[in-house]
Amino acid sequence: QVQFVESGGGLVQPGGSLTLSCAASGSIFNVENIGWYRQAPGQQRELVAHITPRGAGTYLDSLKGRFTISRDAAQNTVFLRMNNLKPEDTAVYYCNKVPIWRAFEWGQGTQVTISS
């Protein structure tokens, strides 16, 4: 069982940027697809981006061009760079394995709030 610790969220004005970090307790990024998920109040958790063991990123269509996923395998950390943030990006962001049915126990996530 690997544990994930997400950080980097905050309150940002529309149009702003944030970089989220996800630190894993073990060396997992070289063997598993790892994704960033988000859950807005009253909504289901959705996958917004994931990265393969080879480092290829895949994104939710509506987010292409604004979000970039990357990783530092040596540091067991995955990042999500988010640009041109919109109010609808407000959610708690989590990282975990992809697909979701293979997920480990969820961490606490990091809150992202986009508001003027």
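Attention here is on the structure that accompanies the text. (Residues numbered from 1 in each chain as written. Predicted model: local features only at pLDDT ≥ 70, side-chain atom pairs only at ≥ 80, totals over all residues. Heavy atoms only, no water.)

Attention now moves to the pattern of salt bridges. Any two side chains of opposite charge can pair, so long as their charged atoms come close to each other. Inspection of every chain in the model, using the stated rule, returns five salt bridges. Across the pair K97 and E32 runs a salt bridge whose closest N-O atoms are separated by 3.8 Å. With K97 in strand β9 (residues 91-97) and E32 in the loop between β3 (18-24) and β4 (34-39), this pair connects stretches of sequence that are 65 residues apart. Across this residue pair, the class does not change: K97 and E32 are buried. Of the charged contacts, one joins R66 and D89 as a salt bridge, the two residues approaching to 2.8 Å between their closest N and O atoms. Placement of the pair is R66 in the loop between β6 (57-59) and β7 (67-72) and D89 in the loop between β8 (77-82) and β9, with a sequence separation of 23 residues. Like D89, R66 is buried. (Salt bridge = Lys/Arg side-chain N within 4 Å of Asp/Glu carboxyl O. Helix = DSSP H or I, 4+ residues; strand = E, 2+ residues; numbered from the N terminus. Buried < 20%, exposed > 50% of the residue type's maximum accessible area, 1.4 Å probe, protein only.)

Before going further, it helps to examine the sheet that holds β8. If you walk across this open sheet you meet the four strands as β1-β3-β8-β7, and the pairing is antiparallel. Of all the strands in the sheet, just β1 (4-7) and β7 have a single pairing partner and so form its edges. Within the sheet, the average angular offset between the axes of one strand and its neighbour, ignoring direction, is 15 degrees. Pairing geometry for β3 and β8, over six bridges, is antiparallel. (Pairing = 2+ DSSP bridges. Axes fitted to C-alpha atoms, helices over the stretch in contact; angles between N-to-C directions.)

Attention now moves to the environment of V98. Mapped onto the elements of the fold, V98 is located in the loop between β9 and β10 (110-114). You can call V98 buried: its relative accessible area is 10%. Sequence separation of V98 and N33 is 65 residues, and the distance between their C-alpha atoms is 5.4 Å. When near neighbours in sequence (up to four residues on either side) are disregarded, V98 contacts N33, I34, G35, Y37, L47 and H50. (Contact = heavy atoms within 4.5 Å.)

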